[in-house]
Amino acid sequence: MRNRCRVTKGLENMAKMEVKTSLLDNMIGVGDMVLLEPLNEDSFINNLKKRFDHNEVYTYIGSVVISINPYRSLPIYTPEKVEEYRNRNFYELSPHIFALSDEAYRSLRDQDKDQCILITGESGAGKTEASKLVMSYVAAVCGKGAEVNQVKEQLLQSNPVLEAFGNAKTVRNDNSSRFGKYMDIEFDFKGDPLGGVISNYLLEKSRVVKQPRGERNFHIFYQILSGASEDFLCKLKLERDFSRYNYLGLDSAKVNGVDDAANFRTVRNAMQIVGFMDHETQSVFEVVAAVLKLGNIEFKPESRVNGLDESKIKDKNELKEICELTGIDQSVLERAFSFRTVEAKQEKVSTTLNVAQAYYARDALAKNLYSRLFSWLVTRINESIKAQTKVRKKVMGVLDIYGFEIFEDNSFEQFIINYCNEKLQQIFIELTLKEEQEEYIREGIEWTHIEYFNNAIICDLIENNQTGILAMLDEECLRPGTVTDDTFLEKLNQVCATHQHFESRMSKCSRFLNDTSLPHSCFRIQHYAGKVMYQVEGFVDKNNDLLYRDLSQAMWKANHSLIKALFPEGNPAKINLKRPPTAGSQFKASVATLMKNLQTKNPNYIRCIKPNDKKAAHIFNEALVCHQIRYLGLLENVRVRRAGYAFRQAYEPCLERYKMLCKQTWPHWRGPARAGVEVLFNELEIPEEEFSFGRSKIFIRNPRTLFKLEDQRKQRLEDLATLIEKIYRGWKCRTRFLLMKRSQIVIASWYRRYAQQKKYQKIKSSAIIVQSYIRGWKARKLLRELKHQKRCNEAATIIAAYWHGTQARRELRRLKEEARNKHAIAVIWAYWLGYKVRREYRKFFRANAGKKIYEFTLQRLMQKYFLEMKNKMPSLSPVDKNWPARPYLFLDSTHKELKRIFHLWRCKKYRDQFTDQQKLIYEEKLEASELFKDKKALYPASVGQPFQGAYLEISKNPKYKKLKDAVDEKIIIAEVVNKINRANGKATSRIFLLTKNNVLLADQKSGNIKSEVPLGDVTKVSMSSQNDGFFAVHLKEGSGAAGKGDFLLSSDHLIEMATKLYRTTLSQTKQKLNIEISDEFLVQFRQDKVCVKFIQGSQKNGNIPTCKRKNNRLLEVAVP
Ligand SMILES: Nc1ncnc2c1ncn2[C@@H]1O[C@H](COP(=O)(O)OP(=O)(O)OP(=O)(O)O)[C@@H](O)[C@H]1O
Ligand SMILES: [Mg+2]
């Protein structure tokens, strides 16, 4: 059971997350009041409250939107919300102002129907905000592009400008619109905005000169003083201090949460976007400044001789500044404040003004100046935003007009406003009923008559041309003789006495004679929204809206193009003695035009409701709301809507929503939707009187029926959810099982593969072993055969070689024999020939002539030899090996001897050039050669190296200063050597010093002397015959230095060191130092003798010999 609950909840949550398809989904209370059951005031208010508490500020009555001011920003106007409501049907989503805007925009665009959006409600109910939301929604969803965006921006930016000049803080609303506004937005056939036209109605201009307690003047005054720069203020001759201006109510000059300075910047920016030129903006602010300064002009009484009262301006400074600002001649304005000229026919009569009249004139001027400026602003904005093309436009009108007002003291303004609301109510009734009726006809449903209150009778009471209150007032205003508010009331009492909606104490009708709630100076009208009592005082004046002609003429004379334009009637050339139309008649005319305009359009209603009087969020004052519901006639609205059928819906969405309730229609109905709905309703056994089939919609008479359907749907959805859950679970288990099965097959196959692989590996390795044995056996067999064959071949080759050798030797012997024979023959033949020649020539020579010839020849030859030798002498370099070839065999030994002598001679010559030092070096080199040549493999490499001795420059390096100081003898060798550690064969760097008497070893880093051995104690130096620098210095046993044992060292200059050591020892001790060259020698380390053995090592470490300790008694040096 618990599981079921959880699942249902989960499904509900899922449904919440789902895209909505009807406003009936997840509804809080009822989204459409038409569905309210039971329908009465309490349930109506409770439903609104419930929804308000859940932040649902919008509720429908059919297609009318009720909007409750949340007094806080809700996250329901985001771009995402715009997207959500875009192109969705009205009842698809929760009630929202965007749904209405979308519906209006789409029927404008797609069905070519002009639209109007009528926003009503009392002050602070959120009309202006609603109108801005509608505009911004339409701007967001309509076409895009640079031009279109500019139009949109101008339309939207007209709002801040008009709000700054036409809105003010009142006790009801911090941003109360003090004028009525109707804006036509014009679109092209694609639905892209082209421009707009704004109409304004009755600005509350009395606010300019006087504000009720706790209220402010129009925003713009405070914005200029807070936001304008010092420079600009100076230009306008204004000061920042509010208290300097009589026209500014001070008790709430600052409004919480409103930054006037920032708003001023917004307004200027908006003016720029809308298209105001700089000089225009400047002129506008000059007029505002002039109005503000007008309030500071004060008058004092002055009696004249003729007894007439006269007034005088107290301080002319302010007047002077106003005139400078507006370019009016100061004397002209001053006179206009003091005199009044009345023109009748050709006569002109001038009368002086007393103080009260002067003040009246001043205030009338200020009010007129401001209200005309406001109208000019609207005209100027219209000029900017008007559509640039002449093509036919589609129009959407947005009406943000003051709602019904009932105050404690109601005056002319409230009368006018409430009249306007009566007219709006009438149009609302007319259009709503008309639409309802049209829909029934369109759908072919029988029209049932609906009872409703028609307020035409009240409209007639006010606007009737003969007997209407407005006509009465105009008549009074125009009548010659004394006219007061009381005479007006008397007139009303006579004419309207019998009207059932007019109430007055003094009327002929005695009904109200004793009604004490109705004062004598008041009359009461039963408006459709309730009874309102009007104070008659001020009606005549306000209706007259009088401005003395002297003032309008003074204004026209101003050297200020804007002010001049605001007072065209001041032009003496166009003087018009006819009275201007009264405020009442003007308003009546503009309302009539507005109504006419609205009647041509498809209406969309937004009824704004104010939840509390505190401008606070979360507070729902039921009494206040109840009052508004009553006078807005909302219940009546619901009843009218429900009089026929409470609910209607197109067949497709209806079938889609309820098809699961019937087997024939679930899950798919394959016929027309209407037939499907018929089958569905028959199946559900809904009584026939409860519904009607229209052409495209089903009409449900009672909300109860709809809720029953909804309940059944909910139940069915739960059942379906269970079914879906069941199927889903089955599917899930099946899928899981199949998955596991598949997985099992995969695992099994992998395992089999693995097992087979292992088996195969085993077989393979066994096969390889067997194979290798066989191959080995075969190879060995083959090898044996090959070896045998090779041996045979070799034997054959050896035999052949021996045979060839024998042959060759035999041949050689033969050839030698032959050569010998030939030679013997030649010698014998030569002797024979000599003998024959001698025998022949003997007779020609004396006895020893032969000998002389022989000697002579010999001498000549010798001479020739020496002369030739003189020319062929080689260079004097001792290393020059050249020597001329021997010319005669008999001079062989001479030639050799000569070569030797010559060499010795040139060596001597060479030696003779030597300095003593060079001689010493060569002596040393010679010594080295004698000691090591052909004995030590290192020797040849040392021959080319000069013996430097002091490799370390001890005396120059400051590091060795101490060492230098310790050794006072001449240093023969100073060099870094490696001292081999017996323990591990590792080397440590030491400085090796050889002086005339001592051998010293010192620390390389510190220069501290480690050992000092007199040369007499050095007995022997051992080294290997190989190419290494290791050598041992053996010390005399029992000598002082021998305590630590012999030194085993290695040096890069071994040959030089050994030679110098040898020579120094010889010269000092007259004894030859024993130099043992052997690849194995013993070194005495303290008590032990260790054998150092040199072996031929690898070239692993390059050419460096490495020393390793093999054991206690053996150090092994590997020489590469
Ligand atoms: N939808 C809304 N969301 C949040 N705040 C709102 C909304 N509507 C109105 N308000 C708040 O209520 C205030 C009054 O609203 P608005 O000025 O629209 O009233 P109004 O009906 O035009 O009054 P008036 O007749 O005096 O001009 C606004 O300044 C704003 O603070
Ligand atoms: Mg407003």
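Definitions and cut-offs
Residues numbered from 1 in each chain as written. Chains lettered and ligands numbered in written order. Predicted model: local features only at pLDDT ≥ 70, side-chain atom pairs only at ≥ 80, totals over all residues. Heavy atoms only, no water. Helix = DSSP H or I, 4+ residues; strand = E, 2+ residues; numbered from the N terminus. Rg over C-alpha atoms; globule rule 2.2 N^0.38 Å. Buried < 20%, exposed > 50% of the residue type's maximum accessible area, 1.4 Å probe, protein only. Contact = heavy atoms within 4.5 Å. Areas by Shrake-Rupley, 256 points an atom, 1.4 Å probe, with all protein chains shown as cover. Lys, Arg positive; Asp, Glu negative; His and termini not counted. Charge placed at Lys NZ, Arg CZ, Asp CG, Glu CD. Salt bridge = Lys/Arg side-chain N within 4 Å of Asp/Glu carboxyl O. Expected span 1.5 Å × (residues − 1). Pairing = 2+ DSSP bridges. Axes fitted to C-alpha atoms, helices over the stretch in contact; angles between N-to-C directions. 1 Å grid on protein atoms, 1.4 Å probe; cavity = no way out; pocket = protein on both sides within 12 Å on 5 of 7 lines; lining within 4 Å. Points joined across faces, edges and corners; volume = space filled by probe spheres on them. Nonpolar A, V, L, I, M, F, W, Y, C, P; charged D, E, K, R; others polar. Patch = residues over 30% accessible without salt bridge, like charges linked within 9 Å, V, L, I, M, F, W, Y side chains within 5 Å. Phe/Tyr/Trp six-rings, centres within 6.5 Å; stacked < 30°, edge-to-face > 60°. Lys NZ or Arg CZ within 6 Å of the ring centre and 35° of its normal. pLDDT = per-residue confidence, 0-100. Left-handed = near helix turned anticlockwise from the far one by under 90°. Core = buried A, V, L, I, M, F, W, Y, C linked by side-chain atoms within 4.5 Å. Donors = N, O, S within 2.8 Å, 3.2 Å for Na, K, Ca; no water. Near = heavy atom within 4 Å. Polar contact = N/O pair within 3.5 Å; in protein donor to acceptor, adjacent residues only side chain to side chain.

Side note on the overall build of the protein
Scanning the protein for helices and strands turns up 33 helices and 31 strands. A compact globule built from 1120 residues would reach a C-alpha radius of gyration of about 32 Å, whereas the protein, at 67 Å, exceeds it by more than 25%. The principal-axis extents of the C-alpha atoms in the protein amount to approximately 210 × 100 × 80 Å. Taken over 1120 residues, the protein has a buried fraction of 46%. For the protein, the share of sequence-separated contacts (at least 6 apart) that also reach a separation of at least 24 residues comes to 63%. Of the accessible surface of the protein, which amounts to about 60900 Å², a share of 53% is contributed by carbon and sulfur atoms. Here the protein holds 181 positive side-chain charges and 135 negative ones, and the gap between their average locations is 20 Å.

Side note on the pattern of salt bridges
Within the structure shown, the criterion is met by 66 salt bridges. Across the pair Arg-479 and Glu-476 runs a salt bridge whose closest N-O atoms are separated by 2.9 Å. For Arg-479, a relative accessible area of 31% puts it in the partly exposed group. In the salt-bridge network here, residues are joined through shared partners; they are Glu-239, Arg-244, Lys-293, Glu-318 and Glu-321.

Structural notes on helix H15 (residues 412–443)
If you check H15, its first and last C-alpha atoms are 46 Å apart, about what 32 residues at 1.5 Å a residue would give, namely 46 Å. The buried fraction of H15 is high, at 25 of 32 residues. Two residues or fewer past H15, Gly-444 is found with a positive phi of approximately 75°.

Notes on the sheet that holds strand E17 (residues 647–650)
Ordered in space as E17-E19-E18, the three strands form an open sheet in which the pairing is antiparallel. Looking along the sheet, the strands with just one partner apiece sit at the ends: E17 and strand E18 (691–693). Across the sheet, the mean angle from the axis of one strand to that of its neighbour is 15°, orientation sign disregarded. Sheet analysis places E18 next to strand E19 (residues 697–700), joined by three bridges and oriented antiparallel. When the bridges of E19 are listed, Phe-691 appears paired with Ile-700. Sitting on the sheet, H15 is in contact with E17, E18 and E19, with an inclination near 125° to E19. Of the strands in this sheet, E17, E18 and E19 touch helix H25 (residues 651–658), which is tilted by about 95° from E17.

Section: empty space enclosed by the protein
Inspection of every chain in the model, using the stated rule, returns 11 cavities of 30 Å³ or more. Taken as a whole, the largest cavity encloses approximately 100 Å³ of empty space. Phe-428, Ile-429, Glu-636, Asn-637 and Val-640 are, among the 11 residues lining the largest cavity, the residues nearest its centre. Elements represented by at least two residues in the lining of the largest cavity include exactly H15 and helix H24 (634–643). For the lining of the largest cavity, the element with the highest residue contribution is H15, accounting for five residues. Across the lining of the largest cavity, the residue classes tally to six nonpolar, four polar and one charged. Approximately 80 Å³ is the volume attributed to the second largest cavity.

Things to note about the environment of Lys-864
Structurally, Lys-864 can be placed in helix H28 (residues 849–872). Residue Lys-864 is classed as partly exposed on the basis of its relative accessible area of 44%. On a C-alpha basis, the gap between Lys-864 and Ser-338 in space is 164 Å, while along the polypeptide they are 526 residues apart.

What about a nonpolar patch on the surface?
Taken together, Ile-825, Trp-829, Trp-832, Leu-833 and Tyr-835 make up a surface patch of nonpolar side chains, about 520 Å² in accessible area. Relative accessible area serves as the criterion here: at 39%, Trp-832 is assigned to the partly exposed category.

So, the packing of H15 against helix H17 (residues 469–478)
Remark: H15 packs on H17, axes separated minimally by 12 Å, with the N-to-C direction vectors making an angle of 145°. Across the interface between the two elements, Phe-412, Phe-415, Ile-416 and Tyr-419 of H15 pack against Ile-469, Leu-470 and Leu-473 of H17. In terms of residue class, the contact of H15 with H17 is made up of seven nonpolar, no polar and no charged.

A closer look at the packing of aromatic side chains
Per the stated rule, a full pass over the model turns up 41 aromatic pairs. Residues Phe-415 and Phe-539 carry aromatic rings whose centres are separated by 5.7 Å and whose planes lie at 50° to one another, so their mutual orientation is tilted. Separated by 124 residues along the polypeptide, Phe-415 in helix H15 and Phe-539 in helix H19 (residues 539–544) bring together distant segments of the chain. Residue Phe-539 is classed as buried on the basis of its relative accessible area, which comes to 0%. Chaining the aromatic ring pairs together yields one cluster made of Phe-412, Phe-415, Phe-488, Phe-502, Phe-523, Tyr-534 and Phe-539. The ring of Tyr-222 is capped by Arg-216, whose NZ or CZ atom sits 4.0 Å from the centre of that ring. A cation over an aromatic ring shows up here: Arg-607 above the ring of Phe-428, its NZ or CZ 4.4 Å from the ring centre.

Points about the confidence of the model for the protein
Of all residues in the protein, 96% attain a pLDDT of 70 or more, and the chain-wide mean is 87. Predicted confidence for residues 1–18 stays below pLDDT 50, and this span has eight contacts to residues more than four positions away or in other chains.

Digging into the sheet that holds strand E29 (residues 1088–1096)
Spatially, the four strands line up as an open sheet ordered E28-E29-E31-E30, and their pairing is mixed. Edge positions in the sheet fall to strand E28 (1080–1085) and strand E30 (1106–1111), since each of these pairs with one other strand and no more. Neighbour to neighbour, the strand axes of the sheet diverge by 30° on average, direction disregarded. The pairing of E29 with strand E31 (residues 1114–1119) spans six bridges and is classified as parallel. Each bridged residue has a counterpart across the sheet, and for Lys-1093 the counterpart in E31 is Glu-1116.

Some thoughts on the packing of H28 against helix H29 (residues 892–912)
Any two packed helices are characterised by the angle at which their axes cross and by the distance between the axes. Relative orientation of the contacting elements H28 and H29 amounts to 35°, with a least axis distance of 13 Å. For H28 against H29, the interelement crossing comes out right-handed. Taken together, the residues of H29 that come into contact with H28 (itself represented by Tyr-865, Phe-866 and Met-869) are Thr-894, His-895 and Leu-898. Split into classes, the residues belonging to the contact of H28 with H29 amount to four nonpolar, two polar and no charged.

What to know about the nonpolar core
One finds Phe-44, Phe-165, Leu-333 and Phe-523 to be the most contacted residues of the largest nonpolar core, which totals 209 residues. With 14 residues, the single largest contributor to this core is helix H14 (residues 355–385). With near-sequence residues (within four places) excluded, Phe-44 lies in contact with Met-33, Leu-36, Leu-39, Ile-61, Ile-66, Ile-629, Leu-634, Leu-635 and Val-638. Core analysis: the second largest hydrophobic core is formed by 33 residues, Ala-928, Leu-994, Met-1057 and Ile-1075 among them.

What to know about the coordination of the magnesium ion (ligand 2)
Distances from the magnesium ion (ligand 2) to its protein donors, Thr-128 (OG1) and Ser-177 (OG), fall within 1.9 to 2.0 Å. One end of the pair, Thr-128, is in helix H5 (residues 127–141); the other, Ser-177, is in strand E5 (residues 176–177), with 49 residues separating them in the sequence. We classify Thr-128 as buried; its relative accessible area is 13%. When its relative accessible area of 16% is taken as the criterion, Ser-177 is described as buried.

Side note on the site of ligand 1
Residues in contact with ligand 1 amount to 17 residues; listed here are only the nearest, Ser-123, Lys-127, Thr-128, Ser-176 and Ser-177. In the environment of ligand 1, an oxygen atom lies 3.3 Å from a nitrogen or oxygen atom belonging to the backbone of Ala-125. For ligand 1, an oxygen atom lies 2.5 Å from a polar atom in the side chain of Ser-176. Here ligand 1, which alone exposes 630 Å², has 85% of that area covered by the protein. Counting residues per element, the shell around ligand 1 draws most heavily on H5, which supplies three residues. Taken together, the residues of the shell around ligand 1 break down into four nonpolar, nine polar and four charged.

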